[in-house]
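# Structure assessment
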Amino acid sequence: MKNISAVEAREILDSRGNPTVEVEIVLGDGRSVRAAVPSGASKGAHEALELRDGDQGRYGGLGVLRACAMVREKIVPALAGTDPVDLLEVDRVLRELDATANKSVLGANAMLAVSLAAAKAGAQLRQKPLYRHLMDLYGTRQAFLPTPMFNVINGGRHADNNLAIQEFMIIPSAAQSFKEALRAAAETFRALKSMLAGRKDSTAVGDEGGFAPRDLDGPMEAMALLLEAAAAAGHAEKIYLALDLASSEFFEEGAYRLYPERPPLSVDEMIDDLAEWSRLYPIVSFEDPLAEDDWAGWAKLTAHMADLSGGEFKQGRPPLLIGDDLFVTNPERLRRGVSGSVGTAILIKPNQIGTLSETAEVIRLAHEHGYATVASHRSGETEDPALAHIAVGLGAAGIKSGSVSRSERLAKYNELLRIEEELGAGAYRGLAALGAGRASRV
């Protein structure tokens, strides 16, 4: 590649101790950049495929030596002569070299590591921050900080407790700065820890830095506890809620086993529960409220929420309906959602699709059709803070990077603090960025 003296791929460990791919590019002047890719525990069935070794004698089959070999032996030779500044060309070569819809030849992990490392190299060569480089490449007009969504109580695949719902998140409403939003979240998290300790419940943190209490009696008690913690921290009027149900995990034979001790819910009963929670609690968004292939149920839920008047919701307007496993950062699945009036927002995970250019394409498509976008980490993360730059550079309205504990989560939030210093006042819009304005909490 032009202005590049070396490219190396290596197997490193993510935050769960599982192997993942890191690519390092050494520039001609001796500077170097590194990019590492995350991996999810709860994966959508339609995500692009990671390339794993399958050798049960190493890391239980999860090794990525094959993916690293793909980088060295297939990808790097194919990129000979390309300019890393021209990331669209780099990503075009990657896509044509793989030539499959699900990245099953090269592996989305190998492809994204190269795409992201090339983006960082291009930013270095242009002497610009990564987010500015991405803005220039993909036409983002103005830099804004995304609204953070902090995962502070875990259930589902992320915990060993009786909560089927995977993530209970808090969203600070502070509009004055990202810095103040982060402070409100950290103080609420600290108050939540004290409350759990007072109940003699677990205060150990899980993969994404949130607590996994064992003694909560279902989702409503979890939401009530979060609001109580916000009040104890002095933020009673500043904390809103968001839920990632990851409902494909408890969808069985056409019904939802949301409550382990009760009969499974039909689609209509599930929709009724979601609407009732929205009346009782200030919920900004539901992520994957229905299963990844329950398109008819999603359409019914989207229409039902739109038909209710704003006054019926605790936070004054319908919650966002975010597709993660439903859309898997895939333009074709998003187009199906648009044509069927399914959902109102999309979660953005670059490793679900494989390259930064494809990620940017999905965000552009979402914005064209009025869908909100939320950039997201994975449960198996690395210390790479690039997600913060991706969120700002590609214009995502929100960001999920886990709780306010564990350094691989805080690396993204701390990077946003630094970016905010560069952007100055007015770069943070609070809840307004998600289309969820402040409402009565009476």
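Above: the structure in question.
Below: a short report on this structure. (Residues numbered from 1 in each chain as written. Predicted model: local features only at pLDDT ≥ 70, side-chain atom pairs only at ≥ 80, totals over all residues. Heavy atoms only, no water.)

### Let's talk about the environment of Lys2
Stated formally: Secondary structure counts use DSSP, requiring at least four H or I residues in a row for a helix and at least two E residues in a row for a strand, with both numbered from the N terminus. Burial status follows relative accessibility: with a 1.4 Å probe on protein chains alone, a residue under 20% of its type maximum counts as buried, one over 50% as exposed, and anything between as partly exposed. Any pair of residues with heavy atoms lying within 4.5 Å of one another is described as a contacting pair.
Residue position: Lys2 is located in the segment before β1 (4-13). Classification of Lys2 by relative accessible area gives partly exposed; the value is 47%. For the pair Lys2 and Asn161, spaced 159 residues apart in sequence, the C-alpha separation works out to 52 Å. Ignoring any residue separated from it by four or fewer positions in sequence, one finds Lys2 in contact with Gly81, Thr82, Asp83 and Pro84.

### Some details on the pattern of salt bridges
Quick note on the threshold: In what follows, salt bridge is the name for a side-chain nitrogen of Lys or Arg lying within 4 Å of a carboxyl oxygen of Asp or Glu.
Taken as a whole and assessed by the stated rule, the structure comprises 34 salt bridges. Among the salt bridges present, the one from Asp29 reaches Arg31, with a minimum N-O distance of 2.8 Å. Assessed through its relative accessible area of 52%, Asp29 is described here as exposed. Taken together, the shared-partner salt bridges connect Glu167, Asp244, Glu287 and Lys400 into one network.

### What about helix α1 (residues 65-78)?
Three- or four-residue spacings in an α-helix give side chains the same orientation, since the helix completes a turn every 3.6 residues. Put simply, the test is: Expected span of a helix: the number of residues minus one, times 1.5 Å. Note on bend: the value at a residue is the angle between axes fitted to the seven residues ending there and to the seven starting there.
Relative to the 20 Å expected for 14 residues at 1.5 Å per residue, α1 spans 19 Å between its end C-alpha atoms, a close match to the ideal helical length. For α1, the principal kink sits at Val71 and spans about 35°. Those residues of α1 lying buried are Ala67, Cys68, Ala69, Met70, Val71 and Ile75. Summarising the contacts, the buried residues of α1 are in contact with β1, β2 (19-27), α2 (87-98) and α3 (108-126).

### Thoughts on the environment of Arg199
Threshold: Think of a polar contact as two N or O atoms within 3.5 Å of one another; within protein, one of them needs to be a possible hydrogen donor and the other a possible acceptor, and neighboring residues in sequence only count if both atoms come from side chains.
Summarising the element assignment, Arg199 is placed in the loop between α5 (178-198) and α6 (219-232). Discounting chain neighbours no more than four positions away, the residues touching Arg199 are Asp215, Leu216, Glu221 and Leu225. Here the side chain of Arg199 touches Glu221 through a polar contact of 3.0 Å, side chain to side chain.

### Re a nonpolar patch on the surface
Test applied: Exposure above 30% relative accessible area and the absence of a salt bridge qualify a residue for a patch, where like charges join within 9 Å and nonpolar side chains (Val, Leu, Ile, Met, Phe, Trp, Tyr) within 5 Å. Accessible surface area values rest on a Shrake-Rupley calculation with a 1.4 Å probe, where residue burial reflects the displayed protein chains alone.
A grouping of Leu13, Tyr59 and Leu62 is seen on the molecular surface, where their side chains present a nonpolar patch of about 260 Å² in accessible area. When you line up the elements, Leu62 lands in the loop between β3 (32-36) and α1.

### Quick look at the environment of Ala164
By the element assignment, Ala164 lies in the loop between β4 (147-154) and β5 (167-172). Judged by relative accessible area, which is 18%, Ala164 ranks as buried. A sequence separation of 70 residues divides Ala164 from Leu94, and the C-alpha atoms of the two residues are 38 Å apart. Setting aside residues up to four positions removed in sequence, Ala164 forms contacts with Gly156, Leu245, Phe250, Arg257 and Leu258.

### Topic: unusual backbone geometry
Phi is positive for Val328, which is not a glycine, with a value near 40°. Within the secondary structure, Val328 sits in the loop between β10 (320-323) and α9 (331-339). The phi torsion at Ser341 lies on the positive side, around 50°, for a residue other than glycine. Checked against the element boundaries, Ser341 lands in the loop between α9 and β11 (345-348).

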